[in-house]
Amino acid sequence: MEVDFLLIGQGIAGTVLSYRLMQAGQRVIVIDQPNQNQSSRIAAGLYNPVTGRKMVKTWNADLLFPEIEPLYEELESILGAKFLYKNPIYRPFLSIEEQNEWMGNSGDEKFVSYLKEIRTSSYFEAVKDEFGGVLLNTSGYLDINVLLDGYTRYLSERNLVRFEKYEETQLTVEKTGIKYQDIQAKGVVYCNGLGSLGSKFFGDLPFAPVKGEILDIEQDFQPQEIINRGVFRITLPSKLLRVGSTYSWHDLDQGPTERAKNEILDRLVNLVNIENKKVVVHKTGIRPATKDRRPFLGKHPEHESVYIFNGFGAKGVSLIPYYSKMMIDLLMKKNEPHPDVNISRFFKYI
């Protein structure tokens, strides 16, 4: 079988990149083990232009956010499925000083496109927001499982995916491309998250795996808005509330932990005045984060036809639409990715 590119992994990265390649007229085939996509499948799928304790604009937001909703809306149309939820995010202020700072931001061109409203008094009776808060637009969440399942069907119907373990020992790198079993391609792209740690090509890149845990709970108060400060709280179509998330670099081998569950619920108590009725689901996954919190894009320094598109950590939903276009430029036009994300920044390590 001759194709243009072989992609390893069909998490969010492999899904979006393979779609972009096909839209550009390239022939692809994907090798995937669906039960290995846990970092994508347990993710909340939040995209949020203002993040962190200091409530700063997301890194590269002005580049990233114009690409997010158009791409996922396009995929919804192609797949005939609903998975993009364009919901405002409400972030309570913690002090009058923070309120004043954001009143100033309301006239700043850097923030205007992301601000829906500044509240100087409580917005919700159920939320602990005595100083008000900021209501953000260009925000929401992706139901990643619906996306991945729909795209898997899309690939399967076209015989473009193989559900099997990728065996790197069967890969032969040739002068003009690669060969894997019966597949001949111009190149192979590793989109397989932490699976790349086991690769002889990319295993020395400085991944920094991070465990995350989230809960689906039953609780009254189900606003359209996502409430986010210290913990996010999303009303799902099922009327369950998705709450999270934790970040741990230490207990990667454990499954769901009581410690993380209690941490999430304690933070939720500090956010809303509503009694928690029941924890329905407790999920965990390991995110393919990186030491410098920037993704890995690029070509192996010694092998022209071996590439990586990986390391998106907890912000894959936001990062991948934009950086998949940059990756297409590398694969098809040989244009090098930006130095911030190019794996050439780590050549001294590999």
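The text that follows walks through the structure, step by step, so that each part is easy to find. Everything numeric here is computed off the predicted structure, so don't read it as measured data.

1. Focus: the pattern of salt bridges
Then step 1. This model, assessed by the stated rule, comprises 18 salt bridges.
Then step 2. For the salt bridge of Arg27 with Asp4, the shortest nitrogen-to-oxygen distance reads 3.3 Å. Taken together, the residues span a long stretch of sequence, with Arg27 in the loop between helix H1 (12–23) and strand S2 (28–32) and Asp4 in the segment before strand S1 (5–8) at a distance of 23 residues.
Then step 3. On the accessibility criterion, Asp4 (9% relative accessible area) is buried.

2. Looking at the pairing of S1
Then step 1. Side chains of S1 alternate between two faces, with Phe5 and Leu7 and Leu6 and Ile8 buried alike.
Then step 2. In this structure, S1 lies alongside S2, joined through four bridges in parallel fashion. Paired with Phe5 across the two strands is Val28, which belongs to S2.
Then step 3. Handedness of the β-α-β unit built from S1, H1 and S2 comes out right-handed.
Then step 4. Direction of pairing for S1 relative to strand S15 (residues 187–190): parallel, over a ladder of four bridges. By the bridge assignment, Ile8 is partnered in S15 with Tyr190.

3. Things to note about helix H6 (residues 144–157)
Two residues of an α-helix separated by three or four positions point the same way, owing to the 3.6 residues in each turn.
Then step 1. In a regular helix each residue adds 1.5 Å, so 14 residues correspond to 20 Å; H6 covers 20 Å between its end C-alpha atoms and thus fits that length.
Then step 2. For H6, the set of buried residues is Ile144, Leu147, Leu148, Gly150, Tyr151, Thr152, Tyr154 and Leu155.
Then step 3. Where H6 terminates, the next one or two residues include Asn159, which has phi positive at roughly 55°.

4. Regarding the sheet that holds strand S6 (residues 84–85)
Then step 1. Reading across from one edge, S3-S10-S6 is the order of the three strands in this open sheet, with antiparallel pairing throughout. Here the strands that pair on one side only, and so sit at the sheet edges, are strand S3 (46–47) and S6.
Then step 2. Bridge analysis of S6 against strand S10 (residues 140–142) gives two bridges, and the strand direction is antiparallel. Bridge assignment links Leu84 to a residue of S10, and that residue is Leu142.

5. Details of the environment of Tyr123
Then step 1. Structurally, Tyr123 can be placed in the loop between strand S8 (115–119) and strand S9 (133–136).
Then step 2. What makes Tyr123 partly exposed here is its relative accessible area of 25%.
Then step 3. Here the alpha-carbon distance between Tyr123 and Pro92, two residues 31 residues apart in the chain, equals 8.8 Å.
Then step 4. Residues within four places of Tyr123 in sequence aside, it is in contact with Tyr90, Asp129, Leu135 and Glu225.
Then step 5. A distance of 3.5 Å separates a polar atom in the side chain of Tyr123 from a polar atom in the side chain of Glu225.

6. A few points about the nonpolar core
Then step 1. Ranked by internal contacts, the top residues of the largest apolar core, which has 50 residues, are Leu17, Tyr72, Val189, Phe309, Tyr323 and Met327.
Then step 2. Listed by contribution, the elements that provide at least two residues to this core are S1, H1, S2, helix H3 (61–79), H6, strand S22 (306–310) and helix H8 (316–333).
Then step 3. Element by element, the count of residues in this core is highest for H8, at ten residues.
Then step 4. With residues up to four places along the chain from it excluded, the contact list for Tyr72 reads Ile12, Val16, Phe83, Leu84, Leu142, Leu147, Gly316, Val317 and Pro321.
Then step 5. Judged by nonpolar contacts, the second largest core, of 22 residues, contains Val3, Leu6, Ile31 and Ile178.

Procedures and definitions
- By convention here, each chain's residues receive numbers from 1 onward along its written sequence.
- Since the coordinates come from a predicted model, pLDDT governs what is reported: local features require at least 70, and pairs of side-chain atoms require 80 or more to be given and counted, while whole-chain, interface and lining totals use all residues.
- The side-chain figures draw on all heavy atoms in the structure; neither hydrogens nor water molecules are used.
- By definition, a salt bridge exists where a carboxyl oxygen of Asp or Glu is found within 4 Å of a side-chain nitrogen of Lys or Arg.
- Only runs of H or I of at least four residues qualify as helices and only runs of E of at least two qualify as strands under DSSP, and these elements are numbered from the N terminus.
- The rule is simple: take the accessible area with a 1.4 Å probe, protein chains only, and divide by the maximum for that residue type; under 20% is buried, over 50% is exposed, in between is partly exposed.
- Two strands make a pair as long as DSSP finds a minimum of two bridges between them.
- A clockwise path from the first strand over the helix to the second, with the strands pointing away from the viewer, defines a right-handed crossover.
- To estimate the expected span of a helix, subtract one from its residue number and multiply by 1.5 Å.
- Contact definition: two residues touch when any of their heavy atoms are within 4.5 Å.
- A 3.5 Å cut-off defines polar contacts: any pair of N or O atoms within that distance qualifies, except that in protein one atom must be a possible hydrogen donor and the other a possible acceptor, and neighbouring residues in sequence count only when both atoms are side-chain atoms.
- What we call a nonpolar core is a set of buried Ala, Val, Leu, Ile, Met, Phe, Trp, Tyr and Cys residues that are connected through their side-chain atoms within 4.5 Å.

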